[in-house]
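Each chain, written out:
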Amino acid sequence: MTVDTEQLYFILENTPAEQNIMLVGRHGIGKSRILEEYYTGKGFKVVTLFLGQMSDPGDLIGLPEKDEKTGKTDFLLPYWFPTDRKPVVLFLDELNRARPEVLQTIMDLTLNRKLAGKALPMGSRIISAVNNGNEYQLTDLDPALVSRFNIYEFAPSVENWLDWAENSGIDSRIIDFIRENPEFLDSDASYAEAANLERTPDRRSWERASDVIRKFPELSDIHKPILTGIIGTRGTGMFFRFLKEHDIPSASEILFGNFEDVSSRLEKLSAPLLSTVNASLFRLVEKGFEKDGLGTQAAKNLPAYFNFLGTKGQKEVQAHFINLCSAESFPETLVFISTECPELYRAMTDFIMDS
C-alpha cells in the first residue's frame, strides 16, 4: 500500500521517536523537502546525510584519535553531531546507495542510537529515504538493517502536489498544465529509455521551470531551449501546446487586477477549466493578503467573478464554487466571503435556495 502526503503527515505525527522510518519512492517526488519542512516547522533541527556520497565510515562517525588520558583510541565527533543535547531528526538520504562498510555503521545507529559509543540526544529521530526502480544503481540492504525500520512506499498524489504548488507560488501556467495533464508531473523512465531522452519531467524539475518562467508573462520560442533542458523535449512541447490552446488567467490576475481585462479570456474557458480557476481562487484567498489594498480589490473581484459565471450560464461552475466554500476545506475563505463580500454571500445563498 502506498501513502500520500496527508497520510505521511499522520505517520510522522504518531510514530514514536524511537521507531525508525524508511520512505521508499522515486527521486524528485519531494521526500526530502516534505520531511525537512515538517520537522523544521515542529522546531527540530534536521540533519541530512547523503550516504551515497560517503566513501568511508569515518565520514559518518568521525576520525579516530588517541585519548591521552586513557591511551585508547576514540573518535572525534563528526561536524553534524549535536553537542547541545537537543533532539535532532537525522535524515539518512540515499540509504540504498551507501557503501556496504557505511551501512555497517548505520546498523548500530539505527538499533542503539549510537555512533562509536556516543549516543544521540533523547527524543532524536532517524528517518531514511531510498529510491526504488530499475533505473537506479543501488546497494542491496541487509535484512537485519531493513527490519529496524517502519517502511512506507511514498507516492504523493497529483492533488497533493497541486495543493503544495498553489501555496508555494509555482507559476500558475504550470499548475494549470499539470491539472489537465497529470501524467506529466512525474517522469516516465520507460519512455525516456525508449526514446533515448536524457531529461523527463518530475516534480523537482517543474519547480525549477517555474523559477525560470515566472518573470515572463508571455512565453515564446526563445524560451523553449531553456525549458527543454529542465523538463525535456516532450514535456516542453506539450506545455507550449497547452499554452497555445488555453489562455487561463491566474488567480492573482482575477483577484487583484481589473476584472474586465480578464473576463474576455475567461469566456473562452470550458467548465472544467473554470472549475480549476475556482480552486485556484480559493487557495489564494485562503493564504491571506500580505499587502495593503489586495484584500479590498479581491473583495470586489470575487463577487464579479461569481456574477460573471451566472451571466455566462455556467451554473455548474457556480455550484462547484459554492461547494468549495466550506469551513472544512477553506475556513479562511469562508470567513472572508461572509465578512468582506456580503453581496457574494447573498448571491450564493440565493443560488442554493433556487436550486
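Because the structure is a prediction, the values reported are computed rather than measured. (Residues numbered from 1 in each chain as written. Predicted model: local features only at pLDDT ≥ 70, side-chain atom pairs only at ≥ 80, totals over all residues. Heavy atoms only, no water.)

Undergrad: Please explain unusual backbone geometry as it appears in this structure.
TA: Most peptide bonds are trans, and most residues other than glycine sit at a negative phi. Phi is positive for Arg85, which is not a glycine, with a value near 70°. Here Arg85 shows up in the loop between β5 (73–75) and β6 (88–93). On the basis of relative accessibility, which here comes to 49%, the residue Arg85 falls in the partly exposed class. (Helix = DSSP H or I, 4+ residues; strand = E, 2+ residues; numbered from the N terminus. Buried < 20%, exposed > 50% of the residue type's maximum accessible area, 1.4 Å probe, protein only.)

Undergrad: Sorry if this is basic, but what is going on with the packing of helix α7 (residues 172–180) against helix α9 (residues 203–213) here?
TA: Two quantities define a packed helix pair, namely the angle between the helix axes and the distance between the axes. Running from N to C, α7 and α9 point in directions that differ by 145°, and their axes come no closer than 9 Å. Side by side, α7 and α9 meet where Arg173, Ile174, Phe177 and Ile178 of the first sit next to Trp206, Ala209, Ser210 and Ile213 of the second. Looking at the contact of α7 with α9 residue by residue, the classes come out as six nonpolar, one polar and one charged. (Axes fitted to C-alpha atoms, helices over the stretch in contact; angles between N-to-C directions. Contact = heavy atoms within 4.5 Å. Nonpolar A, V, L, I, M, F, W, Y, C, P; charged D, E, K, R; others polar.)

Undergrad: Even after reading the chapter, I still don't get the packing of helix α13 (residues 271–287) against helix α15 (residues 315–324), so can you show me in this structure?
TA: Contact geometry for α13 and α15: axes closest at 9 Å, N-to-C directions at 25°. Taken together, α13 and α15 sit at an angle that is classed as roughly parallel. The way α13 lies across α15 gives a crossing that is right-handed. Between α13, through Ala271, Leu274, Ser275, Asn278, Ala279 and Phe282, and α15, the contact on the second element is made entirely by Val317, His320, Phe321 and Leu324. (Parallel < 35°, antiparallel > 145°, perpendicular 65-115°, else oblique. Left-handed = near helix turned anticlockwise from the far one by under 90°.)

Undergrad: What should I look at first to understand the pairing of strand β2 (residues 20–25) in this one?
TA: The side chains of a regular strand alternate, first on one face of the sheet and then on the other. Within β2, six of the six residues are buried, which leaves it mostly tucked inside the rest of the structure. Both β2 and strand β10 (residues 149–154) contribute to a ladder of five bridges, which runs parallel. Each residue of the ladder has a partner; that of Leu23, found in β10, is Tyr152. Direction of pairing for β2 relative to strand β9 (residues 125–131): parallel, over a ladder of five bridges. In the strand pairing of β9, Met22 is matched with Ser128. (Pairing = 2+ DSSP bridges.)

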